[in-house]
Amino acid sequence: MAQSLQSFHTFSLPSQCQHFYQIDEVDQLLSTDFSKPFCILGEGSNTVFLSDYQGSVIHMNTKGIDIEQQSDGFLLHIAAGENWHQLVSMTVANEMPGLENLALIPGTVGAAPVQNIGAYGVELEKFVSYVEYFDIATKTINRLAKNECQFGYRDSIFKRALKNKAVITQVGLLLPKKWQPVLSYGPLQQLSAPSPQQVFEQIIATRSSKLPNPNKLANAGSFFKNPVISNEQLALLLKQYPELPHYFVDAEHHKVAAGWLIEQAGLKGCKIAGIEVHQQQALVLVNHGNSTGDDLIAMVKHVQQQVWQKYQIALQHEVRLINAVHECHIELGASL
């Protein structure tokens, strides 16, 4: 039976799927039909349905948090359907700090390891003990240790070898009792010997000032990845744009701020139909309504093209884009 998806993804394009499964208990996955095209969905904050989906949407809604105190930290066993920000709030309130830099990131706990969520100098990988998943082929529950998850920048094994083969059911996070704040990014640098609560509040204030609330203005958060470029390319860019924000990755690469690139390319406020580059944060695309997937694709291509022409940097979208049958990728760059 067809199900509207407009309220199940925060970008809120009109779309529907053929079948919709809400998973409240892990055992329900045993009787879920994975034979047709399928899409695993949490809160839909990093997924956009571009059109009607000719398959099944599997909505993970499992709940539960168990806390295991260890000598050097707290091991949290968290069901995939738990809300990420509510988890961060709970840990800070209960004196289990560590996740505060990741406050207000939308979505579920189960979605977090897929792209190794990160913000303000901290990535999820730092705290992962294990990720548990349902193997679709064998119908068994398996567990991967952190080093088996192949984490990278917005990347993991769940986007590669296990893509469309696994449903994340539980995540284990280890929060060390010895807390050290990470204050290297932006507004956090002004804090002096802050408490975890103060870091948490600063992150919330900063994100709230720049990022639109999807309940009030449809969006999917940060739409583009911050590009990782060679030190040689960075040196050339800094000669022309000395104020370009950049961050160390490794001995040969730096990460540059995609939002800055888009803004300096003059794209803030750019509109195609009801799709707009957000006025306060150019990294975010918003949907004012009366728009289609084709309008969004046109906007993504336009942003990529303008940034390429100005900086010779090929932007990649961070948000999952789902067409009628599968996830698709919009690529522009050196071929222009």
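Residues numbered from 1 in each chain as written. Predicted model: local features only at pLDDT ≥ 70, side-chain atom pairs only at ≥ 80, totals over all residues. Heavy atoms only, no water.

## Description of the state of the cysteines
In step 1: According to the stated counting rule, one finds zero disulfides in the structure shown.
In step 2: Here cysteine 270 stays free of any disulfide, with the sulfur of cysteine 328 as its closest cysteine sulfur at 20 Å.
In step 3: Judged by relative accessible area, cysteine 270 falls into the buried class, the value being 18%. (Disulfide = S-S within 2.5 Å. Buried < 20%, exposed > 50% of the residue type's maximum accessible area, 1.4 Å probe, protein only.)

## Let's talk about the sheet that holds strand S3 (residues 38–41)
In step 1: One open sheet accounts for four strands, arranged S1-S2-S5-S3; its pairing is mixed. Every other strand in the sheet has two partners, leaving strand S1 (3–4) and S3 as the edge strands with one partner each.
In step 2: Note: S3 against strand S5 (residues 53–60), four bridges, orientation parallel. By the bridge assignment, isoleucine 40 is partnered in S5 with isoleucine 58. (Pairing = 2+ DSSP bridges. Helix = DSSP H or I, 4+ residues; strand = E, 2+ residues; numbered from the N terminus.)

## Let's talk about the sheet that holds strand S4 (residues 47–49)
In step 1: With respect to topology, three strands assemble into an open sheet ordered S4-S20-S21, the strand pairing being mixed. Single-partner strands in this sheet number two, and they are S4 and strand S21 (327–328).
In step 2: Judged from the three bridges that link them, S4 and strand S20 (residues 320–322) form a sheet pairing that is parallel. Opposite threonine 47, over in S20, you have arginine 320 as the bridge partner.

That is the geometry; function is a separate question.
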